[in-house]
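Okay, here's what each chain looks like letter by letter:
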Amino acid sequence: MLKRNLPPIHPGEVLKEEFIVENGLTVSEVAKGLGIARANLSAIVNGRTNISPDMAVKLGEAFGNTSLFWMNLQKNYDLWHAEKRVDRKVIRHFWKKDASIV
């Protein structure tokens, strides 16, 4: 479980600020370079759509990092929100607590 109180930044915001704006690019230019519709990239950079594995591969190739970098950003974002959303009190446990381990 992630123990942070502040939510992680959506990976689309990282893409926009650290890779598109920082390199003086436009969303249209990057979308064309990735071979996707501008609307699809716009949805990502505006936090309305997640980064898929296919998109992570494209972004990694386009910006010289790895698909794992992009997937980790997405995973951390999703997991943080899931930890806040899921009510653990209603979940039945199927494991035994070892009394010798404290």
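Shown above is the structure to which this text applies.
As the structure is a prediction and not an experimental result, all values here were calculated from the model.

Caption draft 1: Region of interest: the overall build of the protein chain. Secondary structure summary: the protein chain contains five helices and zero strands in total. Counting from the amino terminus, helix and strand elements in the protein chain follow one another as α-α-α-α-α. At 18 Å, the protein chain has a C-alpha radius of gyration far larger than the 13 Å of a compact globule built from 102 residues. Counting only C-alpha atoms, the protein chain reaches 60 × 25 × 20 Å along its principal axes. Within the protein chain, buried positions represent 29% of all 102 residues. Pairs at least 24 apart in sequence give 58% of the contacts found in the protein chain among residues at least 6 apart. As displayed, the protein chain offers around 7400 Å² of accessible surface, 55% of which is attributable to carbon and sulfur atoms. The distance from the centre of the 15 positive side-chain charges to the centre of the 11 negative ones in the protein chain is 10 Å.

Caption draft 2: Representation of the nonpolar core in the model. Leu 15, Leu 41 and Trp 70 are the most contacted members of the largest nonpolar core, which totals 18 residues. For this core, the secondary-structure elements that each account for two or more residues are helix H1 (11-21), helix H2 (27-34), helix H3 (38-45), helix H4 (53-63) and helix H5 (67-85). With sequence-adjacent residues up to four places away left out, Trp 70 is seen in contact with Pro 11, Leu 15, Phe 19, Ile 51, Ala 56, Leu 59, Gly 60 and Asn 65.

Caption draft 3: Quick peek at H3. Along H3, the residues classified as buried are Leu 41, Ser 42, Ala 43, Ile 44 and Val 45. Just downstream of H3, Gly 47 is the residue with a positive phi angle, here 75°.

Caption draft 4: View of the pattern of salt bridges. Counted under the stated rule, the structure contains one salt bridge. In this structure, the salt-bridge partner of Arg 88 is Glu 83, at a minimum N-O distance of 2.3 Å.

Caption draft 5: Fine view of the environment of Leu 79. You can see Leu 79 is positioned in helix H5. Distance from Leu 79 to Ile 9, taken between C-alpha atoms, is 12 Å for residues 70 residues apart in sequence.

Calculation notes
- Residues numbered from 1 in each chain as written.
- Predicted model: local features only at pLDDT ≥ 70, side-chain atom pairs only at ≥ 80, totals over all residues.
- Heavy atoms only, no water.
- Helix = DSSP H or I, 4+ residues; strand = E, 2+ residues; numbered from the N terminus.
- Rg over C-alpha atoms; globule rule 2.2 N^0.38 Å.
- Buried < 20%, exposed > 50% of the residue type's maximum accessible area, 1.4 Å probe, protein only.
- Contact = heavy atoms within 4.5 Å.
- Areas by Shrake-Rupley, 256 points an atom, 1.4 Å probe, with all protein chains shown as cover.
- Lys, Arg positive; Asp, Glu negative; His and termini not counted.
- Charge placed at Lys NZ, Arg CZ, Asp CG, Glu CD.
- Core = buried A, V, L, I, M, F, W, Y, C linked by side-chain atoms within 4.5 Å.
- Salt bridge = Lys/Arg side-chain N within 4 Å of Asp/Glu carboxyl O.

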